[in-house]
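Take a look at the letters that make up each chain.
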Amino acid sequence: MKTVLTSALAIFFLVPCAFAQQAPWGRADTPISSRDRVYAADQTSNTVSVIDPSANKLLGVIRLGDPVPGALSALYKGQLLVHGLGYSPDSKTLAVVSIASNSVTLIDTATNKVNGVVYVGRSPHEAFFTPNGRELWVSVRGEDYVSVIDPKAVKEIGRIRLANGPGMTMFGPDGRYGFVCSSFTPELAVIDTASHQIIKRVPQASPFCPNIAVSPEDDEVWITLKDVGKVQVFSAKPPFDPIALLDTGPITNHVNFANNRNGKFAYLTIGGTNEVKAYRRGAKPELVATIPVGDLPHGIWPSGDGTRVYVALENGQHAVAIDTLSNKVVANIPIGQTTQALVYVPGAVPTGDGASNLTPLGVAGEAVHVEMVPPSGAGSNARATVAVNSVGVIDLLQIAAAGLQPGQEYQLLLVDSLTKPDATHVGLTKFTANPSGAAIAQAIGPLRTVVAAPGGVAGRQPERRYLVLLATGSDQPVLQQQMGGAPNRR
């Protein structure tokens, strides 16, 4: 008996073992079921895409507003730039942050019905519930505070003053501390949840943090630093010391956790390389997988049992499901336009089919996708993906570029030839590459038909135009539209 027990203990300690404990709640495994939902916040179409993860199927979208240009009317009352997501610990309420309408929309997950809207300060970014569900904290990034909302009364009940530009709030599973990173000031604030008092300010390695996650074991805080392509790890316990600073890649977007029988892992979306990176957690985090997923991965969240992570592709207009044991993509699911945050909510629909108040994807599924590469012989590792989204009578173009010169200003142009020295051109947008040599920029106009036109016949359809990227002050293309075939349409 003693020998058997000793062998069992040896196996227990030698084999990696971890409960899923879905972040941020720290709960035991919740197997994937048709009662679960994945929600994606679609910034350009002003929708929330709703996915059944048991079938990896889009059920429809919750329409919170109209696309541009209708959304620019003086009489417009819908939401604009649907961006951030959070959900209550009982899985019954989804909180949706819309940046341009300064709002937080509370949605009943069982019926997809809007229960109320709270208007806060300029440019809110993300929102999350305290673990007891009594408060919803909204980071008001365009100002200097977190707005504290009573989700039952559907009203703001307080404000927590911080440094300029709070980016996102997340709580540890025990609810004792709230952690708020900043998008404009290089500091992470640690707040006593009960008293709303700041107890420590911890330096960030750069000013721009858009995303934060606390491990399900309540021992680590991970923040992404999008401007420099890094991730910083801190202890979630006093004195909140730094643990690691990781070079992760350009446009490092969101972070979350998944535990499985292989151990405990952090998953990061790297927009500039179109990958998700998985790190084994510990005193010295170790990169264990790099997973190609598609154009500009953004939001990421684990299933309740840690067997999958779901990722929103901002320029790819679909979500991918990754098996966390094999670290392979196992599903691609259509979603709305320019998706930002994504969350996985176990048990969101306790009864029924959960399809009430959903509408089809419609024109939000129409897009042209273009790759931009250096001209032949340029010897550059620069690259870009472009999505041209239909928003009704006009289109929104978004470019995500990496491998550029940090601090250099660039111009995106539309030209009628890639070979003629006297090609006519139209300027679409200007942007400056961030410290990691990456950038995301937008332009609006009737663009899909010209970048996708196969040839052009006078009087019948527009002539073909091509995208090129120049450094300001130069006439030599840094990137140009790839001509290896027709643009990728969705």
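In the block above lies the structure referred to throughout.
Residues numbered from 1 in each chain as written. Predicted model: local features only at pLDDT ≥ 70, side-chain atom pairs only at ≥ 80, totals over all residues. Heavy atoms only, no water.

A. The arrangement of the overall build of the chain in detail. Per the secondary structure count, the chain includes two helices and 37 strands. A globule of 490 residues ought to have a C-alpha radius of gyration of about 23 Å, and the chain, at 23 Å, matches this closely. Across its three principal directions, the C-alpha atoms of the chain cover 85 × 55 × 45 Å. Here the chain holds 490 residues, and the buried ones make up 58% of them. In the chain, 51% of the contacts between residues at least 6 apart in sequence involve partners at least 24 apart. In the form shown here, the chain has an accessible surface area of approximately 19,400 Å², with 54% of it arising from carbon and sulfur atoms. (Helix = DSSP H or I, 4+ residues; strand = E, 2+ residues; numbered from the N terminus. Rg over C-alpha atoms; globule rule 2.2 N^0.38 Å. Buried < 20%, exposed > 50% of the residue type's maximum accessible area, 1.4 Å probe, protein only. Contact = heavy atoms within 4.5 Å. Areas by Shrake-Rupley, 256 points an atom, 1.4 Å probe, with all protein chains shown as cover.)

B. Fine view of the environment of Lys226. Tracing the backbone shows Lys226 in the loop between strand E17 (220–225) and strand E18 (230–235). Judged by relative accessible area, which is 14%, Lys226 ranks as buried. With 19 residues separating them along the chain, Lys226 and Pro207 place their C-alpha atoms 9.1 Å apart. Not counting residues within four places of it along the chain, the set of residues in contact with Lys226 comprises Phe208, Pro210, Ile251, Thr252, Asn253, His298, Asn434, Ser436 and Ile440.

C. Summary view of the sheet that holds strand E4 (residues 82–87). Taking strand neighbours across the sheet as the criterion, the four strands line up as E4-E5-E6-E7 in an open arrangement whose pairing is antiparallel. Looking at which strands have only one partner, the edges of the open sheet turn out to be E4 and strand E7 (113–119). Each strand axis lies, on average, 25° off the axis of its neighbour in the sheet, ignoring direction. With five bridges connecting them, E4 and strand E5 (residues 93–98) associate as antiparallel partners. By the bridge assignment, Leu85 is partnered in E5 with Val96. (Pairing = 2+ DSSP bridges. Axes fitted to C-alpha atoms, helices over the stretch in contact; angles between N-to-C directions.)

D. Seen up close, unusual backbone geometry. In this structure, Pro239 follows Pro238 across a cis peptide bond, with omega equal to 5°. Relative to the assigned elements, Pro239 resides in the loop between E18 and strand E19 (242–247). With a phi close to 65°, His196 is a non-glycine residue in the positive phi region. Tracing the backbone through its elements, the reader meets His196 in the loop between strand E14 (187–192) and strand E15 (197–203). A positive phi angle is found at Phe240, which is not glycine, with a value near 60°.

E. Representation of the layout of surface pockets in the model. If you add up the space inside the largest pocket, you get close to 710 Å³. Lining the largest pocket we find 32 residues, and of these Gln43, Gln340, Gln398, Ile440 and Gln442 sit closest to its centre. Secondary structure elements with two or more residues in the lining of the largest pocket: strand E20 (252–260), strand E31 (395–402) and strand E34 (439–445). A per-class count over the lining of the largest pocket returns 15 nonpolar, 13 polar and four charged. Volume-wise, the second largest pocket comes out at about 340 Å³. Contributing elements (two or more residues each) for the lining of the second largest pocket: strand E32 (409–415), strand E35 (466–471) and strand E36 (477–481). Here the lining of the second largest pocket is built from residues that sort into eight nonpolar, six polar and two charged. (1 Å grid on protein atoms, 1.4 Å probe; cavity = no way out; pocket = protein on both sides within 12 Å on 5 of 7 lines; lining within 4 Å. Points joined across faces, edges and corners; volume = space filled by probe spheres on them. Nonpolar A, V, L, I, M, F, W, Y, C, P; charged D, E, K, R; others polar.)

F. Broad picture of the side chain of Asn259. Structurally, the position occupied by Asn259 is in strand E20. Asn259 sits in the buried class, given a relative accessible area of 1%. A distance of 2.7 Å separates polar atoms of two side chains, one belonging to Asn259 and the other to Glu217. (Polar contact = N/O pair within 3.5 Å; in protein donor to acceptor, adjacent residues only side chain to side chain.)

G. The pattern of salt bridges, seen in detail. Applying the stated rule across the entire model yields 11 salt bridges. Across the pair Arg161 and Asp144 runs a salt bridge, and its minimum N-O distance is 2.6 Å. On the criterion of sequence distance, the pair formed by Arg161 in strand E11 (residues 155–161) and Asp144 in the loop between strand E9 (136–140) and strand E10 (145–150) is long-range, its members being 17 residues apart. Residue classification places Asp144 among the partly exposed residues on the basis of a relative accessible area of 28%. For the salt bridge of Glu156 with Arg159, the shortest nitrogen-to-oxygen distance reads 3.1 Å. Under the relative-accessibility criterion, Glu156 is labelled partly exposed at 28%. Look at the salt bridges and you will find they share partners, linking Glu217, Asp219, Glu220, Lys264 and Arg281 into a network. (Salt bridge = Lys/Arg side-chain N within 4 Å of Asp/Glu carboxyl O.)

H. Summary view of empty space enclosed by the protein. Taken as a whole, this structure holds two cavities of 30 Å³ or more when the rule is applied. Around the largest cavity sit 18 residues that line it, and Met168, Met170, Asn211, Asn256 and Trp301 are the ones nearest its centre. When residues of the lining of the largest cavity are traced back to their parent elements, those giving at least two are strand E12 (166–171), strand E16 (211–214), E20, strand E24 (297–302) and strand E28 (339–345). Of all the elements, E16 adds the most residues to the lining of the largest cavity, at four residues. Here the lining of the largest cavity is composed, by residue class, of 14 nonpolar, three polar and one charged. If you trace the second largest cavity, you find it lined by Leu162, Ala163, Pro166, Val180, Cys181, Ser182, Glu187 and Ala189. Contributing elements (two or more residues each) for the lining of the second largest cavity: strand E13 (177–182) and E14. Tallying contributions element by element places E13 first for the lining of the second largest cavity, with three residues.

I. Broad picture of the packing of aromatic side chains. All told, the structure shown has 12 aromatic pairs when counted by the stated rule. With 5.7 Å between their ring centres and 70° between their planes, Tyr87 and Phe128 make a pair best called edge-to-face. In this pair, Tyr87 is assigned in strand E4 and Phe128 in strand E8 (residues 124–129), connecting sequence segments 41 residues apart. The class of Phe128 is buried, set by a relative accessible area of 1%. (Phe/Tyr/Trp six-rings, centres within 6.5 Å; stacked < 30°, edge-to-face > 60°.)

J. The environment of Pro24, seen in detail. Within the element layout of this structure, Pro24 appears in the loop between helix H1 (2–14) and strand E1 (37–42). For the pair formed by Pro24 and Gly407, sequence separation is 383 residues and the distance between their alpha carbons is 36 Å. When sequence neighbours within four positions are dropped, the list of residues in contact with Pro24 reads Tyr87, Phe128, Met170, Phe171, Gly172, Pro173, Val214 and Trp301.

The analysis is restricted to geometry; functional conclusions fall outside its scope.
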